Amino acid sequence: MSSVLPFARMRVTTDDRMHRPGECAHRNIRLDPRGGIVTCRDCSATLTPFWALTMLADQYAVALTHIERLETRLARADSRILELSAELDCRQPTKDPSKPSST
Ligand SMILES: [Zn+2]
């Protein structure tokens, strides 16, 4: 009898998702400055400070991207307003047919 036990191959994977669908995303966190404890205000889960920092950094990146998109839209709107204003300035005032001609 062999002393070596057969060991099935194991596959280890990591799950990098911040949360699974249907679970609390822990977006509303509470920081306890005395114990350095981070908890979720919505589900009361205790979170690691590293997780909270990562979540906040991700949210910050999302917010910055949103701001950049809004700035681009604002610049396009400003440009369009200038184009339309220039177009209006170029138009000649139309003559009012009800007024008699001076000739
Ligand atoms: Zn939560």
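Read on for a plain summary of the structure. (Residues numbered from 1 in each chain as written. Predicted model: local features only at pLDDT ≥ 70, side-chain atom pairs only at ≥ 80, totals over all residues. Heavy atoms only, no water.)

### Comments concerning the sheet that holds strand β1 (residues 29-32)
Reading across the sheet, the three strands line up as β1-β2-β3 and stay open at both edges, with antiparallel pairing between neighbours. Unpaired on one side and paired on the other, β1 and β3 (46-47) mark the two borders of the sheet. Here strand β2 (residues 37-40) pairs with β3 via two bridges, running antiparallel. Paired with Val38 across the two strands is Leu47, which belongs to β3. (Pairing = 2+ DSSP bridges. Helix = DSSP H or I, 4+ residues; strand = E, 2+ residues; numbered from the N terminus.)

### Quick notes on the coordination of the zinc ion
Looking at the metal site, the zinc ion is ligated by Cys24 (SG), His26 (ND1), Cys40 (SG) and Cys43 (SG), spaced 2.1 to 2.3 Å from it. Considering all four donor atoms around the zinc ion, angles at the metal cover 97 to 117° and the coordination shape is tetrahedral. One chain supplies every donor to the zinc ion, and in sequence these donors are spaced C-x1-H-x13-C-x2-C. Judged by its relative accessible area of 14%, His26 falls in the buried class. (Donors = N, O, S within 2.8 Å, 3.2 Å for Na, K, Ca; no water. Tetrahedral: all angles 85-135°; square planar, octahedral: opposite > 155°, others 65-115°. Buried < 20%, exposed > 50% of the residue type's maximum accessible area, 1.4 Å probe, protein only.)

### Notes on the pattern of salt bridges
In this structure the tally under the stated criterion is three salt bridges. Measuring nitrogen to oxygen at the nearest pair gives 3.9 Å for the salt bridge that ties Arg34 to Asp32. By relative accessible area, which is 27% here, Asp32 ends up partly exposed. Arg80 is the salt-bridge partner of Glu83, the closest N and O atoms lying 2.9 Å from each other. With a gap of three residues between them, Glu83 and Arg80 both fall in helix α1 (residues 49-90), about one helical turn apart. (Salt bridge = Lys/Arg side-chain N within 4 Å of Asp/Glu carboxyl O.)

### Observations regarding unusual backbone geometry
Notably, His26 is not glycine yet its phi reads approximately 55°, a positive angle. Following the sequence through the fold, His26 ends up in the segment before β1. Phi is positive for Ser44, which is not a glycine, with a value near 65°. Relative to the assigned elements, Ser44 resides in the loop between β2 and β3. We classify Ser44 as exposed; its relative accessible area is 56%.

### Looking at the pairing of β1
As paired strands, β1 and β2 are joined by four bridges and run antiparallel to one another. Its bridge partner lying in β2, Leu31 is registered against Val38. Hairpin remark: β1 followed by β2, antiparallel, with four residues in the connecting loop; positive phi at Gly36, about 65°.

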